[in-house]
Amino acid sequence: MFGRRSSPYAVPWIAGAFVLIVLGAVVVAAGVNQSSSDSKLKVNWSSPSVSVLVGAGGNLTLPITLTSQGNLTGINIEAVPALAPFLTIQPASFSSVSSGQTRQLSLVFSVATNSPLGIYNGTVHVRMGNRTIPQPLEVTLTITTNPLSILIPPTFQLNGQISALGGPVNLNNFDNNYMHGGFVPAGGADIDITSVPMPQIALGDFITNELQGAVITSSSSVAVAGRQADEVFYTDNFGPALSYRNVAVYVPLGERLHKIYLTYQAGDTQESQFLSAFQQLISTIQFTP
Amino acid sequence: MRVLSSFIGIFSLIVFPAFAGPYDPQLAPQIDTYLTGKNSPIAGNGAVFFSSGSIYNVDPRLVVAIAGAESSFGTAWDACPETGFNAWSWFYGGSCPNSSFISFADGISKVTSGIRRLYLNKGYTTIPQIAEMYCGSGCESWIPNVTQFYTDLGGNVNDLTFPPPSRFILQPGPDTGKDIWITSVYSYATCSGSYPGGGLYDSELRVGGWGDLYYALLQFDLTGLPAHATSATLWLYCYSDNSGTPTPMYLDRVTQFWWDWQMTGTGCDHDRLWWADRPSTAQWSAAALTAPVVGQWYTVDITDLYNAWQNGLYPNYGLQLRPVYNADNFNFFYSSRYTNDTFRPKLTIQQ
């Protein structure tokens, strides 16, 4: 009789299907768990973004740290292709970084003398396998003809118009909106970097000469890029109720005297931040031989 | 380029380099003629443009040219009120609340010093670069106008400086300075009583009075300095008005030797110059000098007096600053004995 009968393969098929379903559920569940865990993976940089100016033929090395939120294994730190020709990360990999651990890295910018001038935007990101771990580090590299390399302090921007006119490196935090006459507005600060042929007189005499009319409040020797420099604090009184605080740093180097200035209005409540930003720039500046 | 840097004797004497450049000793009258041709009220200040340009090493033609671009040489006051003498529209932003000058001469001096320290020092060395900061928007005609006026006067757009042939700065310290203040009534001596009228030989120079009189005397050793100067400027730093009001001053030429007060004198000690022993003087300038501003350098043009000393017309016994007013009027300057050498009196000489 040909009654209904089960296929001789029916039981194993059902059993197999069941196993597959269970396994699938396990895998899916595991996948969900993996995804949930991965979504918590994150790295924090000591600074969320870095903006540097590097002169053609120049180098700049910046220390930076990353801190992991989650356990990372076998990670690589890479710059995007736009930045890769100019930027290497040292070290570029870690076998593991446990959650909460911090790793020291160096961003090494190196620009050839014949590199195209311009602004290069990109990121440095941490990769684990074929996955990118947020957050990427935002990097802006400006390649100029200036014989120096600097880390642009946070909140300051490079004044591109002045650069285009062949002027000094001008950084400010007020979108170039100078008061008429060229004065820094309230709450603003600007930094100018230039150089002149080495004066053939004593540096102290040169400084006295160029700051004629200002009130020098203090001066001292400081180390800049491994060389002895003079730092002068002075005040300018240009109006009945308006005076400016300034810091000037003079760095003799070969046949050039490099000069770095900070200016802001006297009494500004952000004075300590301005001075801190300026000192950060001074501590990282490099001059192209 | 000829370069010298030296010390003469024990004075701090700085000799600055000589350049071939846009410096023209005849520029002052040329500026006056040019401004007169523009019907400018600034005409007549050619010497101020020249001396300010020399002091700050800024081509005076540039300061004239900026006034031309900003206010048609002080004939158009759309931006800033005429009473402010602000032909350069400093701080203009719909108004000029912080930009009034007390005279065109004051404006010329301050704007010139600003061009030096805000621009030239920092590497803004061309008119377009200066324009980018000075006049950020709505200033399309600024560069061509400034350039036109500047070159009209013979300026070189590739060199905005104005270095005189040679420049000297004399700034004595406590060991060599000869400066002191005296007073007419009160004695600052511990032995006071029968010998009133003695000041102090300390870190300040007082001019003024409150019923009484305070004079300051200074004498610079001019040995080795040029026989003739195109400009000689006395610099004093005014640090206080003693909670009174600053006073204009008269400039006197001292006509008698006086720097022997530490050995001679009629007072009860030799620690000060007693009022009774003050030297004779002759008023040098008919007009009074303007009052200083507390917290700022105060300059006195003593070119004529310097040249009179150096050519032997008068012996150099120094100068005296005498107050115009003495009703709670005080000008307190630092002396050569002040601890911070930056603020001590100095004399700048340009050949």
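Here, the structure is the one placed above.
What counts and what doesn't
- Residues numbered from 1 in each chain as written.
- Chains lettered and ligands numbered in written order.
- Predicted model: local features only at pLDDT ≥ 70, side-chain atom pairs only at ≥ 80, totals over all residues.
- Helix = DSSP H or I, 4+ residues; strand = E, 2+ residues; numbered from the N terminus.
- Contact = placed C-beta atoms within 7 Å.
- Buried ≥ 20, exposed ≤ 12 C-beta atoms within 10 Å, placed from the backbone.
- Pairing = 2+ DSSP bridges.
- Axes fitted to C-alpha atoms, helices over the stretch in contact; angles between N-to-C directions.

A.B. asks: Account for the overall build of chain A, naming residues and giving values.
C.D. replies: Scanning chain A from N- to C-terminus turns up four helices and 18 strands. Excluding contacts between residues fewer than 6 apart, the proportion of contacts in chain A whose partners are at least 24 apart in sequence is 59%.

A.B. asks: I'd love a proper account of unusual backbone geometry, names of residues and values included.
C.D. replies: Along the chain, glutamine 90 of chain A connects to proline 91 of chain A via a cis peptide bond; the corresponding omega equals -10 degrees. In this structure, proline 91 of chain A sits in the loop between β5 (87-90) and β6 (93-97). Each neighbour pair has its own omega, and for proline 134 of chain A with glutamine 135 of chain A the value is 0 degrees, a cis peptide bond. Here glutamine 135 of chain A lies in strand β9 (residues 131-144). One non-glycine residue, phenylalanine 73 of chain B, lies in positive phi territory at about 60 degrees. Within the fold, phenylalanine 73 of chain B resides in the loop between α3 (60-71) and α4 (104-120). Of note, phenylalanine 85 of chain B is a non-glycine position whose phi angle comes to about 55 degrees, a positive value. Within the secondary structure, phenylalanine 85 of chain B is located in the loop between α3 and α4. With 21 C-beta atoms counted inside 10 Å, the residue phenylalanine 85 of chain B sits in the buried group.

A.B. asks: Now, about the sheet that holds strand β1 (residues 42-45) of chain A: what can you tell me, with residues and values included?
C.D. replies: Residue and element names in this part refer to chain A. Read from one edge to the other, the open sheet built from four strands follows the order β1-β3-β7-β5, with strand pairing classed as antiparallel. Each of the sheet's edge strands pairs with one partner strand only, and the pair in question is β1 and β5. Here the strands of the sheet are splayed against their neighbours by 30 degrees on average, with no regard to which way each runs. Here β1 pairs with strand β3 (residues 59-69) via four bridges, running antiparallel. By the bridge assignment, tryptophan 45 is partnered in β3 with leucine 66.

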